[in-house]
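Descriptive analysis of the structure
The residues making up each chain are set out below.
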Amino acid sequence: MRAVWLNAILLRPWLTLALCLLLVVMAAVGSKNLYFRGDYKIFFGPGNEQLQAYEDMQSIFSKSENASIVIAPDEGDVFSPQTLALIKDYTEEAWRIPYATRVDSMTNFQHTSAEGDDLLVEDLFEDPQGMSQDEIQNARRVALSEPALVDKMVAADGKAVMINITVQLPDEGLDQAFRDVAGAVRELSNALSQTYPNHQFYHTGVVYMNDAFMTSAENDASTLVPLMFLTVVLMLWLLLRSFTGTLSTVIVLITTIAATMGISGWMGVFLSTATVNVPTLVMTLAVADCVHVISSMLYGLRQGKSKAEAIRYAMELNLMPVFITSVTTAIGFLTLNFSDVPILADLGNLTAVGIMLAFVLSVTLLPALLLLLPMRVAVKQQTSSGRMEAFAEWVITNHKRLLPFTVILTLVAIGATLKNEVNDQATEYFKPSMPFRFAADYQEEHISGMATMDFGLFMGEPSALNKPDNLQIVADFTQWLRAQPEIDHVSSISDTFKRLNQNMHGDDQSYYRLPEDRELAAQYLLLYEMSLPFGLDLNNQVNLDKSATRVMATLQNLGSKEFTAFEQRALDWLAQRAPNIEVRASSPSLMFAHIGETNMASMLRGTVLALILISCLLVIALRSWKMGAISLLPNLLPAGIGFGIWAVISGQINMGLSVVMSMSLGIIVDDTVHFLAKYQRARREGADAEQAVRYAFSSVGRALWITTVVLVSGFAILSLSNFGVNADMGMLTGIIILVALAVDFLFLPAFLMVFDKKSVNKEDNADDTDKKLQATV
Amino acid sequence: MIRIRSFKPLFSALLSLLLVVQVQAQTAEEKGLAIAKERKQRDLGWQDNQAEASMILRTASRQEIERRMRLLTLEVKDDGDKGLTIFDQPADVKGTAFLNYSHAIEPDEQWMYLPALKRVKRIASKNKSGPFMGSEFAFEDLSSFEVEKFSYKYLRDEQYEGMDCFVIEQQPAYEHSGYTKLITWLDKEHYRAQKVEFYDRKDSLLKTLTMHDYQLYLDKYWRPMKLSMKNHQTRKSTDLITHELQFRTGLSESDFSQAALKRAK
């Protein structure tokens, strides 16, 4: 079977080449179906509880997706005629932003006041440049004491304001819509900064969060992928010192990636902030296959074999190991399907596809290419890597000291993992240097956090909101929220009722309280509704039949644990105080806060499954239960130690890191397989543990070192991403791979020498075995 | 006045374009105005009417609620009509009455009687484009058609629902209007509005109003028994259904005074 396959390739290299390329092109054509999605909803599956709650809330009340502009005058006071004029101009122009349905700012805030029996409803700053100093001071006082404005639309110290543009985005083409809005707002800011110099503009809100997601994906695609490519070419050249070898590998990599992305298109999987890095990952993982094959071939050539013979030798030697390692790596990536984050599942599936394609191409296309392309090799025995052997001797001599030392180090590291904390917070996905993060930090520092939490209070029957008891609960809840340390601002209809009651009683301060009967409340609300101008209606706070209201809280940018804890506290308070009111909390921040934990839990299940599958595979591959059991240690320890190191570096676990365990498991298993396979082979041939360790080091030590360097570089490049989910994932995976090598080189040999003392085949004496083994290398 | 510098070239380009269009399309605007005048002319002299009506409000997810009201209207020569709305449902606003003197270019004058407070409150606001009772109808969508409210441009002839129609573009003259333009389909036979498209400040289609079931009153005046307003951006909609309509019921100015508000029940 194997012979047929090899002969087919070696006898008909052109046909093989043509067939491979044909299939690759057929697959690659699928990339015409590829499209990019960068909106934040791709992190959540359609069944995600928080996403559902959020979308329900959006359909019951009006949508709340927004672009916010924070404006800060250099002079430091927003109540100057100049800055007020800017805010007013901005507010008016903002109505022309694509998809804008509502624009709120300090200037168009609908201020109500009483004048005898007249209810005046007007913009707080209708004509700032026509206002006298007194009028401005008056309006300033109103703005800084109005609960709807202060700490939200205007900083309490009057140094910055926010303009909020609510957008109603289409369901189709969401990405382009986000882009259009972000672009138009930026343009408007630029235009107005010309007219009003000495003002700083910062853009935040959901629209710009999306924009940041998209920008970082684009950055990754345009910087990391080419960088990875260059690194790979450079490393190949250094490792192989063969132009043909490098070129063939590059061709295999390119065809693998083209076919993978094409298949992604055929499967209908879109490109996203996560999958945009599939080429980088596939490149990293596929390089190893090619390096193994080509190194063996070069070895054969140097031994004086003909090219065809050398290829045959390389193929026969590598087919099985490359297959096994590809399968284990693919399994690791496939368990990303356990993730609650759809794009991480996509990432896993596509990478798995890419890995298996890389395997297929490196045993078909690669040998065909190597056969067809000219190749010169100096017949020169490469000086065997004396360093690796010296290292092996050092390990063997010191194994009794190494074992306890590594055990202690491991325990310390694993103990440190407990300091890690799951934390998903969308703003922190971005490096502080990114404009969005900068703006969000600025907003938090000067006005309020960017995190929001909307509470929908559902009171059952139509008009139930107007009942005094219910209004009282809304008011109490609002007050309770405001007393919480996490809270920056609360927007609530109860404030409106109080203000109206005061207005209806000639602005008498003592009437700043809730209306006392249902009819009065209903009629106030009707009156108020009838007086509001276009776009500034109450739909965002009160539902159609007035059976529900939405209390909108703005919070500091908390970690997800504190955030969900706060949610629970608020829900508990309401459940206790108002058991008859149905409450739902929702917001994009809440979606991110929850996804981290649920995703972590599901990925732990995925990791367990990956471990079981991979261990079974190892038992089969090594044909030994014992070896399979021993392999658990070097397979598990690196993740434990890696997460321990992570606790020291950062300690924050975001959704990207939750997949690292199963993903890295599939990769590091390769090292173990290679090492144990060689060790076992030596043991079967009668060597004792020490000799077998020596043999394992000298036969695969260098290869393991090389593949680790390649993999770590690949993941190090991923860690350069501006996008925290990708960067952290790359960094931790890189760390774990490096640790895995250390475990395989330091801990595993020591462990084997201490615990695998059983019988050496008595019939052979040790020296003979050693010689025999050396010959097989 | 504040000028936005970077928009200046755009403004002047638009302005010159406008001038060119004006010279060439003089007739289109004249024709539009003539049609508007004819429309108004055909609807003069009905004096007053009283209606019982329902508003059906629907959300994007098709939830709906009904509100019932009575509408009293007085024709006013050379100005917007006067309207008195008495709310019957929901129960907690029953008896609340709303008086509106609509004006073509000035803000409307509005008063509301709150039975629970037993007071008449004047509302001073520029809310013509604001929603009427939380519906998709704005005040300006419901108030009487006045020639001075808009500038006009005849666009084309077009069939709509089997009727030959004029298609007219109307630009609101009211400074604080929420619309940049309206496109109206008027049937040629009776000059009745059949469909109106409303464009918002960013010039994208905001709402479409369609008129259904026109009935003839006093052998001269056509009134639709159902107005259907769809908001394309929020996907909410509102139907205004007239259950009963009577003309020349003997209403006078005094029925539309602040004092009359309290009496209305």
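Here the structure is a predicted model, which is why all the values come from computation and not from measurement.

Counting its secondary structure elements, chain B contains four helices and 13 strands. For chain B, buried positions account for 54% of its 265 residues. Of the roughly 12,700 Å² of accessible surface on chain B, a fraction of 50% belongs to carbon and sulfur atoms.

Once that is clear, we can look at empty space enclosed by the protein. Residue and element names in this part refer to chain A. Enumeration according to the criterion identifies nine cavities of 30 Å³ or more in this entry. Roughly 190 Å³ of internal volume is contained in the second largest cavity. What lines the second largest cavity is a set of 16 residues, and nearest its centre among them are Leu285, Ala288, Asp289, Thr325 and Asp670. Put simply, the parts of the chain that give the lining of the second largest cavity at least two residues each are α9 (278-302), α10 (307-334), α23 (660-684) and α24 (689-718). The residue makeup of the lining of the second largest cavity, split by class, is seven nonpolar, six polar and three charged.

Let us look at the packing of helix α8 (residues 243-266) of chain A against α9(A). Residue and element names in this part refer to chain A. Between α8 and α9, whose axes approach to 9 Å, the crossing angle comes to 140°. Of the possible angle classes, the one that applies to α8 and α9 is oblique. In the crossing of α8 with α9, the sense of the turn from one axis to the other is right-handed. Of the residues in α9, those touching α8 at Gly245, Thr249, Val252, Leu253, Thr256, Ile257, Thr260 and Met261 are Val278, Pro279, Val282, Met283, Ala286, Val287, Cys290 and Ile294. Its residues assigned to classes, the contact of α8 with α9 comprises twelve nonpolar, four polar and no charged.

Once that is clear, we can look at the packing of aromatic side chains. Tallied over the full model, the rule gives 46 aromatic pairs over all chains. Ring centres of A:Phe477 and A:Trp480 lie 6.3 Å apart, and the angle between their planes is 10°; this geometry places the pair in the stacked category. With a gap of three residues between them, A:Phe477 and A:Trp480 both fall in helix α16 (residues 468-483), about one helical turn apart. Each member of the pair, A:Phe477 together with A:Trp480, is buried. Considering the side-chain rings of B:Phe98 and B:Phe139, the 5.5 Å spacing of their centres and the 40° angle between planes classify their relative orientation as tilted.

To continue, consider helix α15 (residues 435-446) of chain A. Residue and element names in this part refer to chain A. Given a rise of 1.5 Å per residue, twelve residues ought to cover 16 Å, and the 16 Å separating the end C-alpha atoms of α15 matches this to within 8%. For α15, every residue scored as buried is listed here: Phe436, Arg437, Ala439, Ala440, Tyr442 and Gln443. Where the residues of α15 are buried, they touch β1 (66-73), β5 (161-167), β6 (199-204) and α7 (206-240).

All right, on to helix α12 (residues 365-372) of chain A then. Taken across its eight residues, α12(A) has seven buried, putting it largely inside the fold. Along α12(A), the residues that are buried comprise A:Leu365, A:Leu366, A:Pro367, A:Ala368, A:Leu369, A:Leu370 and A:Leu371.

This part takes up the environment of B:Trp222. All names here are of chain B. Inspection of the secondary structure puts tryptophan 222 in strand β12 (residues 221-231). Setting aside anything within four residues of it in sequence, one finds tryptophan 222 in contact with His190, Arg192, Tyr214, Gln215 and Leu216. A polar contact of 3.4 Å, which involves the side chain of tryptophan 222, links it to the side chain of histidine 190.

Residue and element names in this part refer to chain A. Turning to its location among the elements, isoleucine 447 is positioned in the loop between α15 and β8 (451-458). The exposure class of isoleucine 447 is buried, given its relative accessible area of 7%. Separated by 285 residues in the primary sequence, isoleucine 447 and methionine 162 place their C-alpha atoms 8.2 Å from one another. Once residues lying within four places of it in the same chain are set aside, the contact partners of isoleucine 447 are Val70, Asp151, Lys152, Val154, Ala155, Ala160, Val161 and Met162.

Moving on to the pattern of salt bridges. Under the definition given, this model contains 42 salt bridges over all chains. A:Arg37 is the partner of A:Asp39 in a salt bridge, and the nearest nitrogen-oxygen pair spans 3.0 Å. Here B:Glu158 ties to B:Arg156 by a salt bridge, and the two come within 2.6 Å at their closest N and O atoms. On the accessibility criterion, B:Arg156 (34% relative accessible area) is partly exposed.

Residues and elements named next belong to chain A. Looking at the assigned domains, one finds that chain A contains domain 1 (1-33 + 242-381), domain 2 (49-211), domain 3 (383-419 + 591-777) and domain 4 (435-590). One C-alpha centre belongs to domain 1, the other to domain 3; they are set 24 Å apart. If you look at the interface, domain 1 gives 30 residues, while domain 3 gives 36 residues. Summing the contributions of domain 1 and of domain 3, the shared interface buries around 2,800 Å²; its carbon and sulfur component is 77%. Our count for the domain 1 to domain 3 interface comes out at zero salt bridges. For the side of domain 1 that touches domain 3, the elements supplying multiple residues, two or more each, are α9, α10 and α11 (342-362). Classifying every residue of the side of domain 1 that touches domain 3 gives 17 nonpolar, twelve polar and one charged.

A separate point is the interface of chain B and chain A. At the interface, 52 residues of chain B touch 49 residues of chain A. Between chain B and chain A the total buried area reaches about 4,300 Å² when both faces are included, carbon and sulfur atoms providing 58% of it. Linking chain B to chain A there are four salt bridges. Here A:Asp118 and B:Arg122 are joined by a salt bridge, their closest N and O atoms 3.0 Å apart. Seen at the junction of chain B and chain A, the total is twelve residue pairs in polar contact (both at pLDDT 80 or more). Contributing elements (two or more residues each) for the side of chain B that touches chain A: β1 (48-58), β2 (64-74), β5 (109-114) and β6 (119-124) of chain B. Per-element accounting of the side of chain B that touches chain A gives the leading share, six residues, to β6(B). The residue inventory of the side of chain B that touches chain A, partitioned by class, reads 22 nonpolar, 14 polar and 16 charged. With three bridges joining them, strand β4 (residues 118-123) of chain A and β6(B) adopt parallel strand pairing. Note on β6(B): the bridge partner recorded for A:Leu119 is B:Ile123.

Right, let's talk about the UniProt feature "domain: SSD" (unreviewed entry) in chain A for a bit. All names here are of chain A. Here the UniProt-annotated "domain: SSD" (unreviewed entry) positions come out as residues 247-372 and 659-754. Secondary structure across residues 247-372 divides into 81% helix and 0% strand, with the first and last C-alpha atoms of the span separated by 12 Å. Within the segment residues 659-754, helix and strand shares are 90% and 0% respectively, and the terminal C-alpha atoms sit 34 Å apart.

Residues and elements named next belong to chain B. Here β1 runs beside strand β13 (residues 237-247); their pairing, made up of ten bridges, is antiparallel. Across the sheet, the residue bridging to glutamine 50 is glutamine 246, located in β13. With five bridges connecting them, β12 and β13 associate as antiparallel partners. Paired with lysine 230 across the bridge in β13 is serine 237. Counting the residues that bridge the hairpin from β12 to β13 gives five residues, and of these arginine 235 lies at a positive phi of roughly 60°.

Take the sheet that holds strand β10 (residues 548-555) of chain A next. Residue and element names in this part refer to chain A. Read across the sheet, four strands follow the order β9-β10-β8-β11 without closing on themselves; strand pairing throughout is antiparallel. Two strands in the sheet have a free side with no partner beyond their single neighbour: β9 (487-491) and β11 (582-586). Recorded for the sheet is a direction-independent mean angle of 20° between the axes of neighbouring strands. Sheet analysis places β8 next to β11, joined by five bridges and oriented antiparallel. In the sheet register, phenylalanine 458 faces β11, and the bridge partner there is glutamate 582.

Together, A:Leu15, A:Leu19, A:Leu22, A:Leu23 and A:Met26 make up an exposed nonpolar region whose accessible area comes to about 500 Å². Among the secondary structure elements, A:Leu15 is positioned in helix α2 (residues 13-28).

A word on the sheet that holds β5(A). The pairing of strands in a sheet happens through backbone hydrogen bonds and is either parallel or antiparallel. Residues and elements named next belong to chain A. With antiparallel pairing, the four strands of this open sheet are ordered in space as β2-β5-β1-β6. Each of the sheet's edge strands pairs with one partner strand only, and the pair in question is β2 (100-104) and β6. The average undirected angle you get between the axes of adjacent strands in this sheet is 20°. One ladder, built from four bridges, connects β2 with β5; its direction is antiparallel. Counted as the bridge partner of arginine 102 is threonine 166 from β5.

About the criteria used
- Residues numbered from 1 in each chain as written.
- Chains lettered and ligands numbered in written order.
- Predicted model: local features only at pLDDT ≥ 70, side-chain atom pairs only at ≥ 80, totals over all residues.
- Heavy atoms only, no water.
- Helix = DSSP H or I, 4+ residues; strand = E, 2+ residues; numbered from the N terminus.
- Buried < 20%, exposed > 50% of the residue type's maximum accessible area, 1.4 Å probe, protein only.
- Areas by Shrake-Rupley, 256 points an atom, 1.4 Å probe, with all protein chains shown as cover.
- 1 Å grid on protein atoms, 1.4 Å probe; cavity = no way out; pocket = protein on both sides within 12 Å on 5 of 7 lines; lining within 4 Å.
- Points joined across faces, edges and corners; volume = space filled by probe spheres on them.
- Nonpolar A, V, L, I, M, F, W, Y, C, P; charged D, E, K, R; others polar.
- Axes fitted to C-alpha atoms, helices over the stretch in contact; angles between N-to-C directions.
- Parallel < 35°, antiparallel > 145°, perpendicular 65-115°, else oblique.
- Left-handed = near helix turned anticlockwise from the far one by under 90°.
- Contact = heavy atoms within 4.5 Å.
- Phe/Tyr/Trp six-rings, centres within 6.5 Å; stacked < 30°, edge-to-face > 60°.
- Expected span 1.5 Å × (residues − 1).
- Polar contact = N/O pair within 3.5 Å; in protein donor to acceptor, adjacent residues only side chain to side chain.
- Salt bridge = Lys/Arg side-chain N within 4 Å of Asp/Glu carboxyl O.
- Domains from an automatic or database assignment.
- Buried area = accessible area lost by both parts, 1.4 Å probe.
- Pairing = 2+ DSSP bridges.
- UniProt positions renumbered as here; feature names shortened; annotations may be inferred.
- Patch = residues over 30% accessible without salt bridge, like charges linked within 9 Å, V, L, I, M, F, W, Y side chains within 5 Å.

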